[in-house]
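# Structure assessment
The chain contents come next:
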Amino acid sequence: SVLSLAAPLVAVVCRRLGERFTSILGAALLGGGCLLSTQATSVPFLCISMGLLLGVGFACLYQAAAVMTAKCCRTRLAFSNAIARSGMGLTFLLAPFTQLLINLYGWQGTLLIFGGIMFNLVPSSMLLRASSTPAAQQHQQALLAKDNSQTLKGCLDESTAGESQHQSAQHLPTREALSMSHSRDGSGHLGPCRASCSPRAKRSSKAFPVTTREASQPILDLSPLKDPVFCIFTWSFLFSHLAYFVPIFHLVPRARTLGISSMDASYLISVAGITETLSQLLSGWVADQNWTKKYHYHVAYLVLSGITNLLCPLATTFPLLMTYVVALAVFCGGFMALVLPVLVDLVGVQKLHSYLGFAAFFAGLAAIDGPPLAGWLYDYTQTYVCSFLFAGACALLSPISFLLEPAAQRWKLKKAKL
């Protein structure tokens, strides 16, 4: 939850200080949180060290990685994003690996090992391409203005010397005066000075407004909240995350109520993770072929995942549940891989930090509320059928907002022309 709720704050840090520094900060918070947790003596201590520090650290890493991917991989953004996200589908392997480490080294030794692994992200973050931040731009413009002032001063001194030389030439013999007049251009100023001063003066006159504009920008950019295209995307993102986590939490309990053993039920989660990873790669590659708009694929995957969840109550045996899991993983992997490319296509890269931060914030609220709502439905009805029906309904509500996307784009174009 902290990963998503901290997204607007991390967006400010990333926009001000750059993706490289933000990623290094996130890696340091992850490693430091794991090491600090080895000294934990209570649950509130772990809520700070494991919950807050690791959550903010993962938020920094995700924000920096997503924005860097969008900036550097524009031609193959969907497939690049799918590759970057593909490891998330294999997180089911962490459970047995963690249990093995606990059996060998204890919980404190396991946290030390994970802390060391996280600190390896620091040198990898240093490999990110440095981006131009407002602070760096202001420093560069200050240096340029200083250089321009020195150059302009030199030109004025040279011009003054040329004028005194012109006055002294009037008292010289005609031949000497003629030779000195030929050393000047037709405007009465020295040619080299004019050639060197004019471009620099023009550049310096254009540098100061940029600095003023950058300094006047607010720390927290709230303009995405006024953008109708962003509201359309956020509606879809919110409802898709309401539906996404419900099957993950309720699949194994439903399988056990159907008489399926715990070992067989764990296979369902493993197959779902592997299938979703492969689906993300395939979905990203297909979207980059540009046969149609990327949000059209996104909408299709959301509709199909909703229909699949609505059909889940019909899966009452292990083969049918496996079929349901494979189909759902294919469609969920498809739309999750296209979240970032769709957002970039709708709003561009210029303010992606702010747009992505607020979108992740609202999606985090949905991810926190989805499983508890589904759990309340189970407590009320004493069956997991309603939980999957709830997930299917949310998935079908998610793409409805994209019907308004053409009208929103026309409204923005009309407003820009005014």
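Residue positions are counted from 1 within each chain, in the order its sequence is given. For a predicted model such as this one, the threshold for reporting local features is a pLDDT of at least 70, and the threshold for listing and counting side-chain atom pairs is 80 or more; totals across whole chains, interfaces and linings nevertheless cover every residue. Here the side-chain values reflect all heavy atoms present in the structure, with hydrogen atoms and water set aside.

Looking at an unreviewed UniProt entry, one finds the protein chain named MOT5 protein and attributed to Bucco capensis. A UniProt comment under Subcellular location (unreviewed entry) is attached to the protein chain, and it reads "Membrane". UniProt positions are given in the numbering used here, feature names are shortened, and annotations may be inferred rather than shown by experiment.

Numbering goes from the N terminus for both helices and strands, where a helix is a DSSP run of H or I of at least four residues and a strand is a run of E of at least two. As for its placement among the helices and strands, Thr69 is situated in helix α4 (residues 43-72). By the criterion applied in these results, polar contacts are pairs of N or O atoms within 3.5 Å in which, for protein atoms, one can donate a hydrogen and the other can accept it, and in which residues neighboring in sequence qualify only through two side-chain atoms. Looking at Thr69, its side chain comes within polar contact range of the main-chain oxygen of Ala65, at 2.7 Å.

Another aspect to go through is the pattern of salt bridges. The working definition used for a salt bridge is a side-chain nitrogen of Lys or Arg within 4 Å of a carboxyl oxygen of Asp or Glu. Counting across every chain of the model gives two salt bridges. The shortest N-O distance in the salt bridge between Glu19 and Lys71 comes to 3.0 Å. Here Lys71 lies in helix α4 and Glu19 lies in helix α3 (residues 19-37), a separation of 52 residues in the sequence. The exposure class assigned to Lys71 is partly exposed, which follows from its relative accessible area of 38%. Close ionic contact of Asp345 with Lys294 constitutes a salt bridge, the shortest N to O distance being 3.8 Å. Of this pair, Asp345 sits in helix α15 (residues 339-347) while Lys294 sits in helix α13 (residues 294-310), and the two are 51 residues apart along the sequence. Each residue gets one of three labels from its accessible area relative to the maximum for its type: buried under 20%, exposed over 50%, partly exposed in between, using a 1.4 Å probe on protein chains only.

In this section: the environment of Leu46. Structurally, the position occupied by Leu46 is in helix α4. For the pair Leu46 and Cys34, spaced 12 residues apart in sequence, the C-alpha to C-alpha distance is 9.7 Å. Whether two residues are in contact is decided by their heavy atoms, any of which lying within 4.5 Å being enough. In this structure Leu46 touches Ser37, Ala40 and Gly51, once residues within four positions along its chain are discounted.

Of the positions making up helix α5 (residues 77-85), those classed as buried are Leu77, Ala78, Ser80, Asn81, Ala82 and Arg85. Elements in contact with the buried residues of α5: α4, α12 (262-287), α13, α14 (318-337) and α15.

Time to look at a nonpolar patch on the surface. Surface patches are drawn from residues lacking salt bridges whose relative accessible area is over 30%; two like charges belong together within 9 Å, two nonpolar side chains (Val, Leu, Ile, Met, Phe, Trp, Tyr) within 5 Å. Note on areas: these come from Shrake-Rupley sampling with a 1.4 Å probe, and a residue is covered only by the protein chains present in the view. On the surface, a cluster of nonpolar side chains totalling about 570 Å² of accessible area is made up of Leu304, Ile307, Leu310, Leu311, Leu314, Leu389 and Leu396. Elements with a minimum of two residues in the nonpolar patch: α13 and α17 (385-397). The greatest single-element share of the nonpolar patch, amounting to three residues, is contributed by α13. Positionally, Leu396 belongs in helix α17.

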